[in-house]
Amino acid sequence: MSGADTSDTRPVLALFDFDGTITTRDTLPDFLRYAIPPRRLRLGKLLFALPVMAYKLKLLPVSVLRTLLVRYAFGGLPQPEVEAAGRRFAATVLPPLVRPEMQARIDAHRERGDTVVVVSAGFDVYLAPWCEAQGVELVCSSMEARDGHMTGRYAGAQCAAEEKVRRVRERYDMTAYREVHAHGDTHEDRALLRLAHMATYRGMPWRLPK
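Owing to the predicted nature of the structure, the values given are computational and were not obtained by experimental measurement. (Residues numbered from 1 in each chain as written. Predicted model: local features only at pLDDT ≥ 70, side-chain atom pairs only at ≥ 80, totals over all residues. Heavy atoms only, no water.)

A. Fine view of the nonpolar core. With 40 residues, the main nonpolar core has Phe31, Phe74, Tyr126 and Trp130 as its most contacted residues. Grouped together as the second largest cluster of nonpolar side chains are 21 residues, Val168, Ala182, Leu192 and Tyr201 included. (Core = buried A, V, L, I, M, F, W, Y, C linked by side-chain atoms within 4.5 Å. Buried < 20%, exposed > 50% of the residue type's maximum accessible area, 1.4 Å probe, protein only.)

B. The packing of helix α5 (residues 79-92) against helix α7 (residues 124-134), seen in detail. For the pair α5 and α7, interaxial distance at closest approach is 7 Å and the crossing angle is 45°. As far as their axial angle goes, α7 and α5 are oblique. Crossing of α5 over α7 shows right-handed handedness. Two secondary-structure elements touch here, α5 through Val82, Glu83, Gly86, Arg87, Phe89 and Ala90 and α7 through Val125, Tyr126, Pro129 and Trp130. (Axes fitted to C-alpha atoms, helices over the stretch in contact; angles between N-to-C directions. Helix = DSSP H or I, 4+ residues; strand = E, 2+ residues; numbered from the N terminus. Parallel < 35°, antiparallel > 145°, perpendicular 65-115°, else oblique. Left-handed = near helix turned anticlockwise from the far one by under 90°. Contact = heavy atoms within 4.5 Å.)

C. Local environment of helix α6 (residues 100-111). Here α6 spans 16 Å end to end across 12 residues, near enough to the 16 Å set by a 1.5 Å rise per residue. For α6, the set of buried residues is Met102, Gln103, Ile106 and His109. Seen along its axis, α6 keeps its buried residues to an arc of 125°; they face one direction. Exposed side chains of α6 directed beyond 90 degrees from the buried face belong to Pro100 and Glu111. Packing partners of the buried residues in α6 comprise β1 (12-16), β2 (115-123), α7 and β6 (179-184). Directly after α6, the chain includes Gly113, whose backbone phi takes a positive value near 85°. (Expected span 1.5 Å × (residues − 1). Arc of directions from axis to C-beta.)

D. Expanded view of the pattern of salt bridges. For the coordinates displayed, the defined rule picks out 15 salt bridges. Among the salt bridges present, the one from Asp30 reaches Arg25, with a minimum N-O distance of 3.0 Å. Judged by its relative accessible area of 41%, Arg25 is partly exposed. In this structure, Glu163 and Arg166 form a salt bridge, with 2.8 Å as the shortest nitrogen-oxygen distance. Here Glu163 and its partner Arg166 are both found in helix α8 (residues 162-171), 3 residues apart, which amounts to about one turn of the helix. The exposure class of Glu163 is buried, given its relative accessible area of 15%. Residue Arg166 is classed as partly exposed on the basis of its relative accessible area, which comes to 43%. Residues joined in a network through salt bridges with shared partners are Glu163, Arg166, Arg167 and Glu170. (Salt bridge = Lys/Arg side-chain N within 4 Å of Asp/Glu carboxyl O.)

The following block contains the structure:
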């Protein structure tokens, strides 16, 4: 559909998964190591050896592993400390992990005046500062906090798979855009890719399987 109607002045909606798409790897494990107390981290490596192995063997869904990790890692931590760690992480750890070719795509979309949105299962505590610095919008997961401390639970559903599409449709009027572009790298992004007129999967053109 690209270029079919040059008289259509509506912008493009460009949707980017973050982990593994914009970045070279999943950044949640990096944030866990960065943000949680060292003693909790050391014990967690022992406690989660079997769940991580089960995930690698495809015996445990990634959504379940994330839920377990987040509950253990962040439950009871002061909210201001986690948020401050997220800002430092966004400024120091994330930039070297960004793929140059994906940064170039984001920049090109921005320069054309397109609406650029990161749509991620990752957390706003580190994604929001990164997106603000990039001048792009964000749809992602959040952690629940109560009385100034993290509960260790997600605030709502994980922003993955069909939830990505639900949130995008909830926030953006699809009719306001002449095209939707989407970029992803795992099975959790395929629902988002199906939403697009032009989609890439691991950097290559992707078409809806018949």
